[in-house]
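# Geometric and topological summary
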Amino acid sequence: MAWINEAPLPFTYTTDISFSPIVSNVVYIIDRASAFWKYNLATKIYSQLTNPSYTAEGCYRTLAISPDGLKIATISEGGASDPVGRRIDIYTIATNAWAASSQCPIISGQSGSLKSLVWADNDTIWAWVTDGSALNGKCIKYVVSTNIWTQYANLTGVQTIWLGKCAAINAAGTVVYGGQIGATAITYFTYTIATDTYSTASASTGINFGWCYDKDKLWFFDTPTYRQGY
């Protein structure tokens, strides 16, 4: 199909913006401060929505849609330096209201910083979290309805790069993936939930993982051409 010219943003964003996956012809838009809007692709109308509970200075704020399309999760409570991203903000689309999680728990004796997250089901989120050094971390479970974080014993171990740019989960809900964690920019980690174990692998050379959300894919761009893939 041909490209469609959309209306420009009606607000001035802070630092950068993130777009959600499309939900019933609507795209949600958020910045690192308090701007939160939706855009209807059919009517070409922007609507301002309730501000998130916390701002997200220092965070990369993806918008993760729950599998049933009813809620949106994003990382909040940022700061100038680690720990940044101390909470998950949950937005209920039907009520236009946010509810923030409790703070991410301490890991390795230091405050955790949320980097990316993925919905496992409509009530369970897995998040990649670094410790205060930002070179070690783990995958932690959060249950929305009970506001309970659960972390298990093992860590990824200290890595050269620990950005956790994107998160995904397999169809069985047994393995969580995290982009750009490991020895180089093209490495990613897997976390096997049942055994609390981590492993690492490398993607193709010349790629860079993106800060974006897709439940079952880790998106990247090719650094020479900027073509996207997963």
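To keep things clear, this report deals only with the structure shown in the data block. (Residues numbered from 1 in each chain as written. Predicted model: local features only at pLDDT ≥ 70, side-chain atom pairs only at ≥ 80, totals over all residues. Heavy atoms only, no water.)

## Topic: the pairing of strand β6 (residues 71-76)
- The buried fraction of β6 is high, at five of six residues.
- Where strand β5 (residues 64-65) lies against β6, two bridges are found, and the strand directions are antiparallel. By the bridge assignment for β6, Ile65 is matched with Ile72.
- Turn length for the β5-β6 hairpin, with the two strands adjacent in sequence and antiparallel, is five residues, and the turn residue Gly69 shows positive phi of about 75°.
- In this sheet, strand β7 (residues 87-92) lies alongside β6 in antiparallel orientation, the contact comprising six bridges. Residue Ser76 lies in a different strand from β7, and its bridge partner there is Arg87. (Buried < 20%, exposed > 50% of the residue type's maximum accessible area, 1.4 Å probe, protein only. Helix = DSSP H or I, 4+ residues; strand = E, 2+ residues; numbered from the N terminus. Pairing = 2+ DSSP bridges.)

## Points about the packing of aromatic side chains
- One pass over the structure, following the stated rule, counts 17 aromatic pairs.
- Note on Phe11 and Trp37: the rings are 5.3 Å apart at their centroids and 15° apart in plane angle, and the pair reads as stacked. Residue Phe11 is found in the segment before β1 (17-19), and its partner Trp37 is found in strand β3 (residues 36-40); the two are separated by 26 residues along the sequence.
- Phe11 sits in the buried class, given a relative accessible area of 14%. (Phe/Tyr/Trp six-rings, centres within 6.5 Å; stacked < 30°, edge-to-face > 60°.)

## Focus on the nonpolar core
- Core analysis: the largest hydrophobic core is formed by 33 residues, its most contacted members being Ile88 and Trp128.
- Contributing elements (two or more residues each) for this core: β6, β7, β11 (113-119), β12 (124-130), β13 (137-143), β16 (167-169) and β19 (187-192).
- In this structure Ile88 touches Ala73, Thr74, Ala99, Ala100, Ser101, Leu114, Leu117, Ile125, Tyr142 and Trp149, once residues within four positions along its chain are discounted.
- Counting 11 residues, the second-largest nonpolar core is a separate cluster that includes Phe36, Leu63, Ile72 and Tyr91. (Core = buried A, V, L, I, M, F, W, Y, C linked by side-chain atoms within 4.5 Å. Contact = heavy atoms within 4.5 Å.)

## What about the pattern of salt bridges?
- In the structure shown here, the tally under the stated rule is three salt bridges.
- We note a salt bridge from Asp16 to Arg32, for which the minimum N-O separation is 2.7 Å. With Asp16 in the segment before β1 and Arg32 in the loop between β2 (26-31) and β3, this pair connects stretches of sequence that are 16 residues apart.
- What makes Asp16 partly exposed here is its relative accessible area of 21%. (Salt bridge = Lys/Arg side-chain N within 4 Å of Asp/Glu carboxyl O.)

## Considerations on the sheet that holds β3
- Read across the sheet, four strands follow the order β1-β2-β3-β4 without closing on themselves; strand pairing throughout is antiparallel. Whereas interior strands pair on both sides, the edge strands pair on one side only; in this sheet they are β1 and β4 (45-48). The mean angle between the axes of side-by-side strands here comes to 25°, regardless of whether they run parallel or antiparallel.
- Two elements, β1 and β2, share three bridges in a ladder whose sense is antiparallel. From the neighbouring strand, Ile17 faces β2, where its bridge partner is Asp31. (Axes fitted to C-alpha atoms, helices over the stretch in contact; angles between N-to-C directions.)

## Structural notes on the environment of Ile125
- Structurally, Ile125 can be placed in strand β12.
- Exposure remark for Ile125: the relative accessible area of 0% places this residue in the buried category.
- In sequence terms Ile125 and Ala73 are 52 residues apart; their C-alpha atoms lie 8.8 Å from each other.
- Dropping the residues within four chain positions of it, Ile125 is found in contact with Ala73, Ile88, Ile90, Leu117, Val118, Trp119, Ile140, Lys141, Tyr142 and Val144.

## Things to note about the side chain of Thr156
- Relative to the helices and strands, Thr156 is located in the loop between β14 (148-150) and β15 (161-162).
- Look at Thr156 and you get buried, because its relative accessible area is 11%.
- The residues contacting Thr156, other than those within four sequence positions of it, are Trp128, Asn136, Gly137, Lys138, Trp162, Phe189 and Tyr198.

## Section: unusual backbone geometry
- Phi at Glu77 takes a positive value of approximately 60°, unusual for a residue other than glycine.
- For Glu77, the location among the structural elements is in the loop between β6 and β7.
- Accessibility expressed as a relative area gives 19% for Glu77, which makes it buried.
- Phi at Ala134 takes a positive value of approximately 60°, unusual for a residue other than glycine.
- In this fold, Ala134 is placed in the loop between β12 and β13.

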